[in-house]
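As a plain string of letters, each chain reads:
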Amino acid sequence: MTRPQTAPIVDVDRLTRRFGERRGIADVSFTIAPGEVFGFLGPNGAGKSTTIRLLLGLYRPTSGRMRVFDHDPTHESVPILRRVGYLPGELALHPKLTGAQHLERIARIRDLTDVGYRDELVRRFGAQLDQPVRALSKGNRQKIGLVLAFMHRPELLVLDEPTSGLDPLMQNEFARLIRETVDDGRTVLLSSHDLEEVQELAHRVAIIKEGRIVVTDTVEGLRRTAPRTVEFRFNHPVTAAEFQQLPGVEVRGIDDGRVTLSVTGAVSELLTVAGNLGAVDVSARRADLDELFLGFYRDEQSGD
Ligand SMILES: Nc1ncnc2c1ncn2[C@@H]1O[C@H](COP(=O)(O)OP(=O)(O)OP(=O)(O)O)[C@@H](O)[C@H]1O
Ligand SMILES: [Mg+2]
C-alpha cells in the first residue's frame, strides 16, 4: 500500500523573527508530517522556544511564512490552539491554585467533558493535585504541565523541553506516552536538550544554532553521517602525518603504534593507507549521535 499524500501539519518557510537588534531566529524552514515526532535541538538561546512561540501565534514573525493545520498562526491562532497541546518551556502556573484547580479551569476552557484520559494521565505521572502549585517541586509542577498538554488528546503536541525536571521513571513514562500518541496517528514537536531522548523518540531531527537550522535529517540519516571512531595498531611507531591528509579523517590520538581516528564518509582510502603501513589490528565503533550533536553544539563552524 502506498502512503496517502498528506499535507504537513506544520509548514515553516524562511521564518525570521528579530527582537530589535537582537537575533531571534533567521530563515528557519522545516515541515512536520502527520504522525511524526519531530525533534528540535540546539544550545541555549538558539531559537527553539522562539520558533515554538511563533507557531502558536504568541510572537509575530518579522518575515517568512508558516502554516499550522493550514492556518496562519498570526491571524488564525484560535482554530490552531484548539487542536494543539502546548507545554511551554517556562511553565507559568498560578502559584496559589492547586493542580486540581488548574485542570478544572483548562478542562472548562477546552470544553472537555470526558475526563477519563485526564485521570489516567494524573495516575500515570503521579501528579499531586491537592496542593497549591507553588508548594510543588519543579518536577511535580512539570507533571501538571504535561497533563494539561495531553489531556484533550490534541492532534499536535508542542512540547518545549518536556522532561526537564522529571526523574528517570517519569522520563520513561513520558517516552511511553509519546509512543502511544504517535501510534494514535498524532503528531509531536519535541524540543529537548536530552540527546538520548531525541534519538529514541524522534523520527526526524532539526538542529538550530544561533537562530538558524544547521541540519534536518532522520535519526538514521544522521547516524550514517556521524563520525566513527577507528583504531589501528601497528608493530612500529607511526606518525599523524600519514593519516591527517586523508579526507574525512581526523587524528584523535597517537600513542606509539596505536592510532585513534575519527572518520566520516568512506573508509577505503584509509584502509589502503593503514594496510600499506602494515596495520596488525583494527577496531571500529559507530559513534552514537551524541558526538555529532555535540559537534553541532560547539562553536567551531559558526557561519556568522
Ligand atoms: N521576548 C524576547 N525579547 C528579546 N529577545 C528575545 C525574546 N525571546 C527570545 N529572545 C532572544 O532570541 C534568542 C533565542 O531565544 P530562545 O528562547 O528561542 O532560545 P532557546 O533555543 O529556546 O534556548 P533554551 O535552550 O535556553 O531554552 C535569544 O537570543 C533570546 O535572547
Ligand atoms: Mg527555550
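Scroll up to find the structure this text is about.
Small disclaimer: the values here were computed from a predicted structure and weren't measured. (Residues numbered from 1 in each chain as written. Chains lettered and ligands numbered in written order. Predicted model: local features only at pLDDT ≥ 70, side-chain atom pairs only at ≥ 80, totals over all residues. Heavy atoms only, no water.)

S.K.: Can you help me understand the packing of aromatic side chains in this one?
M.R.: The description of an aromatic ring pair rests on the distance of the ring centres and on the angle between the ring planes. Enumeration according to the criterion identifies six aromatic pairs in this entry. Relative to F38, the ring of F30 has its centre 5.0 Å away and its plane inclined at 15°; by these criteria the two rings are stacked. Between F232 and F243, the aromatic rings sit 6.4 Å apart at their centres with planes inclined by 10°, giving stacked as the arrangement. In this pair, F232 is assigned in strand β10 (residues 228-233) and F243 in helix α9 (residues 241-244), connecting sequence segments eleven residues apart. Like F243, F232 is buried. An aromatic cluster of at least three residues, connected via ring pairs, comprises F30, F38 and F40. Note that R17 overlies the ring of Y59, its terminal NZ or CZ placed 5.3 Å from the centroid. Taking the ring centre of F69 as reference, the NZ or CZ of R83 above it sits at 3.9 Å. (Phe/Tyr/Trp six-rings, centres within 6.5 Å; stacked < 30°, edge-to-face > 60°. Helix = DSSP H or I, 4+ residues; strand = E, 2+ residues; numbered from the N terminus. Buried < 20%, exposed > 50% of the residue type's maximum accessible area, 1.4 Å probe, protein only. Lys NZ or Arg CZ within 6 Å of the ring centre and 35° of its normal.)

S.K.: Whenever I open this one, the environment of L87 confuses me. Can you help?
M.R.: Looking at where L87 falls in the secondary structure, it is placed in strand β5 (residues 84-87). For L87, a relative accessible area of 0% corresponds to the buried category. Sequence separation of L87 and F232 is 145 residues, and the distance between their C-alpha atoms is 48 Å. Those residues in contact with L87 that sit more than four places away from it in its chain are Q142, G145, L146, A149, V158, L159, D160 and P162. (Contact = heavy atoms within 4.5 Å.)

S.K.: When you look at the pattern of salt bridges in this model, what are you seeing that I'm missing?
M.R.: A pair can form between side chains of opposite charge whenever their charged atoms are brought close. Under the defined criterion, the tally for this structure stands at 18 salt bridges. Here R153 makes a salt bridge to D184, at a shortest N to O gap of 3.8 Å. With R153 in the loop between α5 (138-150) and β6 (156-160) and D184 in the loop between α6 (168-183) and β7 (187-191), this residue pair connects regions lying 31 residues apart in the sequence. For R186, the salt bridge identified is with D184, shortest N-O distance 3.1 Å. You can call D184 partly exposed: its relative accessible area is 44%. Within the structure, one salt-bridge network assembled from shared partners comprises E120, R124, E173, R176 and E180. (Salt bridge = Lys/Arg side-chain N within 4 Å of Asp/Glu carboxyl O.)

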